[in-house]
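# Commentary on secondary and tertiary structure
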Amino acid sequence: MQIEIIISGFGGQGALFAGQILAYAAMDSGRHVTWIPSYGPEMRGGTAHCTVVIADDEIGSPLVRYPAAVIAMNQPSLDKYEPLVASGGVLVVNASLTTRRPERSDLRRVAIPANAVAEELGNVRLANIVLTGALLAATGALPVEAVEQALAAHLPERHRHLLGANSQALRRGAALAAAVTA
Amino acid sequence: MTTMPSIAGPVQDEIVYARPAALTETVTHYCPGCTHGIAHKLVAEVIDELEIRAQTIGVAPVGCAVFAYNYFNVDFAEAAHGRAPAMATGLKRVLPDRIVFTYQGDGDLASIGLAEIMHAAGRGENLTVVFINNAIYGMTGGQMAPTTLPGQKTSSSPCGRDVETMGMPLRMAELLAAQPGAAYVVRRSLHNPKEINRAKKAIRTAFRVQQAGLGFALVELLSSCPTNWGIAPLDALKWIESHMLPYYPLGDYKLAEGVERL
Amino acid sequence: MAKKLLKGNEAIAEAAVRAGLQAYFGYPITPQTELLEYLARRMPDLQRTFLQAESEVAAINMVYGAACTGQRVMTSSSSPGISLMMEGLSYIAGSEVPCVLVDVMRGGPGLGNIAPAQGDYHQIVKGGGHGDFRMIVLAPATVQEAVDLTGLAFDLADKYLMVSVVLLDGSLGQMMEPAELPPLRDPARPEPEWALTGARGRAKRVVTSIHLVPEDEEVFNQKLQAKYAAIKAAEVRYHEYQTDDADLIVVGFGTAGRVAQTAVKQARALGLKVGLHRPLTLFPFPEQRLADLAQRARAFLVVEMNAGQMVEDVRLAVNGRAPVKFYGRMGGVVPLPDEVLEQIKQLAETVGHTPHHSPVSCLPLDGAIA
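Residues numbered from 1 in each chain as written. Chains lettered and ligands numbered in written order. Predicted model: local features only at pLDDT ≥ 70, side-chain atom pairs only at ≥ 80, totals over all residues. Heavy atoms only, no water.

## Remarks on the interface of chain B and chain C
Across the contact, 36 residues belong to chain B and 33 residues belong to chain C. Buried surface at the junction of chain B and chain C, summed over both partners, amounts to about 2,600 Å²; 60% is from carbon and sulfur atoms. Along the contact surface separating chain B from chain C lie 3 salt bridges. Where chain B packs against chain C, one counts 16 residue pairs in polar contact (both at pLDDT 80 or more). (Contact = heavy atoms within 4.5 Å. Buried area = accessible area lost by both parts, 1.4 Å probe. Salt bridge = Lys/Arg side-chain N within 4 Å of Asp/Glu carboxyl O. Polar contact = N/O pair within 3.5 Å; in protein donor to acceptor, adjacent residues only side chain to side chain.)

What follows is the structure in C-alpha cells.
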C-alpha cells in the first residue's frame, strides 16, 4: 500500500507542519515515509506545500504528479491541485478560504470550514490539524490515534500546551469528514 | 733580542654570529640585492629567540616567496594565491596552541587576497602576518601591483602607473589597522640597518601578540626589487627611502591594549 | 538505534559530527544552509570548530589549512559556491590532504535558482578545477544513504588522502525521511606522518602542490593516477532494482534515480522487463557493471536533472553495445515518475522491433525518439 498526499496553503497556515506530523505518525507506526517541502522564495508569504508519501515498502519517488490525496487549504491550492488528484482519490478543501466547491465527481470530496471550526476550538491556527483529521478519515492513510500519539511525541516544546487542542481538532476534523462529503 | 709582541688570542672560540636554527641551509633563489633574504632572516631569528620553532607552522604565498617553505626550518603549507590568511585560519582554529604565520607579498595580500586578509583582520584571527611590500609583482616578472606608486613603470604599466585609470596605491597597514580585530599593525622598512633593527623588533612583537592571544598582527615591510625595478641593489634601497617612504610612512598604525606591555 | 525523522541537510551534518568532524568552515547558500546552521549550534557544544567564512573561496582554503593537520574537516555549499571552490579543490588534490565536501546542487547556470538540479555532475565528477585530478563522489538518493555515505566519505578521504564529495540535489537536502544515525565516533585520531603540527622532535614537514620540474610533476601525476586506478578497482558502489532479467536498464543517480525506480516499478506492473541501475559512486563510476549489463540489455535510458552529463559516462561504459537514450529535466525541474514511465514505454516499443544487439540500430543515440 502506498499513498501520496499533497498539503498546500498560504505560508503560515501550517501546511508543512501538518505534513510533518503525518510523517512522524507514519514513521512511529513502522511505515516508510518521505516528506518533501516546497522551499525557496515562495516560503516568504506565498504558497507553501509539501508532499508526503506513506508506504509499506521502500519508497521510490518522493514526488508525484497525480497524488492520491490533497488538502487544499486555500483557493489557489484548490485551483492548482483539483485537476491533479488521481482519479478515485481524496480532495479535502478548506471551505473557509475557498469560494467554490470542488467540481470533480470522480473524487471523494470533503469540504470543511476549517478556520471556523478551529476558531470554535479556540485557535484559528488549528485549521491545518482539523483538515488533517478530515484527511485521515477520508483516506484511512493512518489511524487518528497514530497521529495523536505523534503529536504527543513530537510537538515542539513551546506548543505543548496546545496538545489537547490539537487532539480535539484532529478528532473534530475526522468526525466532520465522516459526516460531510461534498 | 727583541721579543715579538704577543697577540692575545681568544681563550676559546666564541660564536658571535650563526645562521638561525629556524632557517635551513638551502641557498635561496632570490635575486641579488632582494630584501626577502633579510626578512626571512629576521623572522627566523625571532622564532629562535622566542623558542617557538617546534610549534610554529608557516603558510607560504604565491609570489617570489613561494618557496619560503624550503628556507624556513619549520612546518609549512603552501597556499593558493592570496589565500594564505584563510589557510592559516584553518590551521590556527584546529591547533590554537601552535604559532601560525603567513608570509605574503603585495600582489598576494593586497590584490587577489584582499578579502582573505581583511576578514582575517576583521575576525581578529590570532595570526602573525609578514607582509612584503615592494610595489611590484616579482615572480611574474614585474607587473603593476596594487602598491605600485603613481608614475612607477612596470611591464604592465609601461608609461608609469596612471592614477587616472588605475587609481592610487592601496595602503594596507592603514586599511587593516582600521579594523577592530587588528591588535598590532605597523609598517617598517628594510632599506638600512637601523630600520632593519626596528623591523626585527616589530616582527618579534607580532609573534608575541599571537602568543599572548591578542589578535591579528601584521608587519608591513617596505622592500626592494632591484631586478624588476631595473636598478642596482644600492639604488633600490635609496629608492625605497626617496619614493616609497613618502607614500608609505613608517609607523605604528595599531597598538591594541596590552601590546605595549609585551 | 531507533530511526529518526531527519531532514537531508541536517542528517548529513549530524552524520559528519558522528564521523569525527573536528572543524567545519562554510558560507551560507540555499539550499544547503540548514547544514551550516545545524553545525553552528552543534560544533561549539562539542568544543569543535565552526567558522562562517567570508566566501566559499575562503571556506575551502580554511578547510585546506585545517586538513593539513590531519583532522577531519568539511565544508558544504551549493552549485555557485562550488564553482568558487574549484581553485581550492585542485590545490587540495595536488597536496593530497583529506577533506569532505558536500554539494547540495541547485539550478543553473549562473545565479540560476534554488530548485533541485544535478547540473554539477561535470564540475564535481570530472574535476572542475585545473589539472588532472579526481574527487571521490558519493551520490545518495535517500536520507539514510546521505547519512551512510557521509560517514563513508570521511573514511575514503582519509584512506586515499583526497577530497570526498557527497553530491545531492536540493530536494534531498530539504527532504525528511526516517533514518538511523551511527554512534558518535571518538574524533581523536593518530597524527598522520604528513600532518603539520609543529616540528617538535622530528624533521619539518611541508604540504605543497608545487612540483616545478615537469618530470617531477609527471611522476606526481602518475602517482595520482595510480591512486585513482586503485579506487576504481576497489570502491565502486551502486544500487540496483530488478536488473536480473531486464531488457531495458534505466540509469539515474540521486533523486533522478529514485524517481526512476518508481517508474521502473510501474513499468514492471505493465509487464515490461525493466531494471534500474543507480550509481552510488560517480567517481569511481560503475563502468564495468554497466558494461556487464550491456551484454544482455537491449537499451539503456539515462535520467538526469540536467542536459545530459552522466549519460556520457554511461555511453563510454556501454561502448556501443546497446543504444543509450537520454531523458533530462533542467533548470531545477524534477522529473516525475509518469514522465519517466512514458520514456520507458517508448523505448520498450522501439527496441521491441529491434533485433537484439543489431549492428544497425534504428534508435537515435540522443534525445527523444521521433
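## Structural notes on the pattern of salt bridges
Residues and elements named next belong to chain C. As enumerated under the stated definition, the model contains 46 salt bridges over all chains in all. One salt bridge in this structure joins Glu 235 and Arg 237, with 2.9 Å as the shortest N-O distance. You can call Arg 237 partly exposed: its relative accessible area is 27%. (Buried < 20%, exposed > 50% of the residue type's maximum accessible area, 1.4 Å probe, protein only.)

## Some points on the interface of chain A and chain C
Counting residues at the interface gives 21 residues for chain A and 25 residues for chain C. Of the roughly 2,000 Å² buried where chain A meets chain C, counting both sides, 66% is carbon and sulfur surface. On the chain A side of the contact with chain C, Met 27, Tyr 39 and Arg 65 of chain A bury the most area, a combined 31% of that side's loss. Summed over the shared surface of chain A and chain C, the result is 2 salt bridges.

## Remarks on helix α10 (residues 233-247) of chain B
All names here are of chain B. In this model α10 runs 21 Å from its N-terminal to its C-terminal C-alpha over 15 residues, within 8% of the 21 Å that 1.5 Å per residue would give. Maximal helix bending in α10 amounts to about 30 degrees, located at Ile 240. Of the positions making up α10, those classed as buried are Ala 236, Trp 239, Ile 240, Met 244 and Tyr 247. Buried residues along α10 sit in contact with β4 (128-133), β5 (182-189), β6 (216-222) and α9 (226-229). (Helix = DSSP H or I, 4+ residues; strand = E, 2+ residues; numbered from the N terminus. Expected span 1.5 Å × (residues − 1). Bend = angle between axes of the 7 residues up to and from the residue.)

## Considering the nonpolar core
Ranked by internal contacts, the top residues of the largest apolar core, which has 144 residues, are Leu 39, Met 74, Phe 300 and Ile 344 of chain C. Among the elements that take part in this core, helix α6 (residues 143-160) of chain C stands out by supplying 10 residues, more than any other. In this view, Ile 344 of chain C contacts Leu 248, Val 250, Ala 263, Val 264, Ala 267, Leu 272, Val 274 and Leu 301 of chain C; residues no more than four positions away in its chain are not counted. Judged by nonpolar contacts, the second largest core, of 51 residues, contains Ile 7, Leu 22, Met 73 and Ala 138 of chain A. (Core = buried A, V, L, I, M, F, W, Y, C linked by side-chain atoms within 4.5 Å.)

## As for the sheet that holds strand β12 (residues 274-279) of chain C
All names here are of chain C. Taken in spatial order, the 5 strands of this open sheet run β10-β12-β11-β14-β15, and their pairing is mixed. With one partner strand each, in any of the chains shown, β10 (238-241) and β15 (324-328) form the two edges of the open sheet. Ignoring strand direction, the axes of neighbouring strands in this sheet form an average angle of 20 degrees. The pairing of strand β14 (residues 299-304) with β15 spans 5 bridges and is parallel. By the bridge assignment for β15, Val 302 is matched with Phe 326. (Pairing = 2+ DSSP bridges. Axes fitted to C-alpha atoms, helices over the stretch in contact; angles between N-to-C directions.)

## What to know about the sheet that holds strand β5 (residues 99-105) of chain C
All names here are of chain C. On the basis of which strands lie adjacent, the open sheet formed by 7 strands has the order β3-β2-β4-β5-β7-β6-β13 and mixed pairing. A single partner strand is all that each edge strand has here, and the edge strands are β3 (49-52) and β13 (281-283). In this sheet, adjacent strand axes meet at a mean angle of 20 degrees when their direction is disregarded. Where helix α3 (residues 56-67) meets the sheet, its contacts fall on β2 (23-26), β3, β4 (73-77) and β5, and the angle it forms with β4 comes to roughly 165 degrees. The strands that helix α4 (residues 79-95) touches are β4, β5 and β7 (163-169); relative to β5, the one it contacts most, it runs at about 160 degrees.

## Quick notes on α3 of chain C
All names here are of chain C. The end-to-end C-alpha separation of α3 is 16 Å, in line with the 16 Å expected for 12 residues at 1.5 Å each. Counting buried residues along α3, 12 of its 12 residues qualify, which places the element largely inside the surrounding structure. Among the residues of α3, those classed as buried are Glu 56, Val 57, Ala 58, Ala 59, Ile 60, Asn 61, Met 62, Val 63, Tyr 64, Gly 65, Ala 66 and Ala 67. The N-cap residue of α3 is Ser 55: its side-chain oxygen and the backbone nitrogen of Val 57 are 3.2 Å apart.

## Some words on the environment of Met 168 of chain B
All names here are of chain B. Note on placement: Met 168 falls in the loop between α6 (163-166) and α7 (172-177). Distance from Met 168 to Asp 235, taken between C-alpha atoms, is 24 Å for residues 67 residues apart in sequence. Not counting residues up to four positions away in its chain, the partners in contact with Met 168 are Pro 150, Arg 161, Val 163 and Tyr 247.

## Considering the packing of aromatic side chains
In the structure shown here, the tally under the stated rule is 12 aromatic pairs over all chains. Between Tyr 228 of chain C and Phe 283 of chain C, the ring centres sit 6.0 Å apart and the planes meet at 85 degrees, which makes this aromatic pair edge-to-face. Placement of the pair is Tyr 228 of chain C in helix α8 (residues 214-234) and Phe 283 of chain C in strand β13, with a sequence separation of 55 residues. When its relative accessible area of 3% is taken as the criterion, Phe 283 of chain C is described as buried. Taken together through their ring pairs, the aromatic side chains of Phe 72, Phe 76, Phe 101, Tyr 103 and Phe 207 of chain B make up a single cluster. Above the face of the Tyr 247 of chain B ring, Arg 171 of chain B is positioned so that its terminal group lies 3.7 Å from the ring centre. (Phe/Tyr/Trp six-rings, centres within 6.5 Å; stacked < 30°, edge-to-face > 60°. Lys NZ or Arg CZ within 6 Å of the ring centre and 35° of its normal.)

## What to know about the side chain of Glu 45 of chain B
Residues and elements named next belong to chain B. Looking at where Glu 45 falls in the secondary structure, it is placed in helix α1 (residues 36-49). You can call Glu 45 buried: its relative accessible area is 15%. Once residues within four sequence positions are removed from consideration, Glu 45 is found in contact with Tyr 17, Pro 20 and Lys 200.

## Focus: the arrangement of the chains
Counting contacts across all 2 pairs of chains found in contact, the highest total belongs to chains B and C. Regarding chain A and chain B, the two do not touch, and the least distance separating their C-alpha atoms is 29 Å.

## Quick notes on unusual backbone geometry
Residue Thr 30 of chain C is joined to Pro 31 of chain C through a cis peptide bond whose omega torsion reads 5 degrees. Looking at the secondary structure, you find Pro 31 of chain C in the loop between β2 and α2 (33-45). Here the bond from Gly 108 of chain C into Pro 109 of chain C is cis, since omega is 5 degrees, no more than 30 degrees from zero. Looking at the element boundaries, Pro 109 of chain C is found in the loop between β5 and α5 (121-125). Phi is positive for Glu 51 of chain B, close to 55 degrees, though the residue is something other than glycine. Since its relative accessible area comes to 69%, Glu 51 of chain B is described here as exposed. Residues other than glycine seldom take positive phi values, yet Ala 135 of chain B does so here, at roughly 65 degrees. Inspection of the secondary structure puts Ala 135 of chain B in the loop between β4 and α6.

## A look at the confidence of the model for chain C
Residues and elements named next belong to chain C. On average, chain C scores 94 in pLDDT, and the residues at 70 or more come to 95%. Contacts from residues 355-370, a stretch scored under 50 in pLDDT, to residues over four places away or in other chains number 27 contacts. Confidence metrics for the complex model read pTM 0.93 and ipTM 0.93. (pLDDT = per-residue confidence, 0-100.)

## What about the domain arrangement of chain C?
Residues and elements named next belong to chain C. Its domain assignment divides chain C into domain 1 (4-234) and domain 2 (239-351). On the domain 2 side, the residues contacting the 33 residues of domain 1 number 25 residues. Of the roughly 2,300 Å² buried where domain 1 meets domain 2, counting both sides, 54% is carbon and sulfur surface. The tally of links between domain 1 and domain 2 comes to 3 salt bridges. Among the salt bridges present, the one from Arg 258 reaches Glu 177, with a minimum N-O distance of 2.5 Å. Summed over the shared surface of domain 1 and domain 2, the result is 17 residue pairs in polar contact (both at pLDDT 80 or more). (Domains from an automatic or database assignment.)

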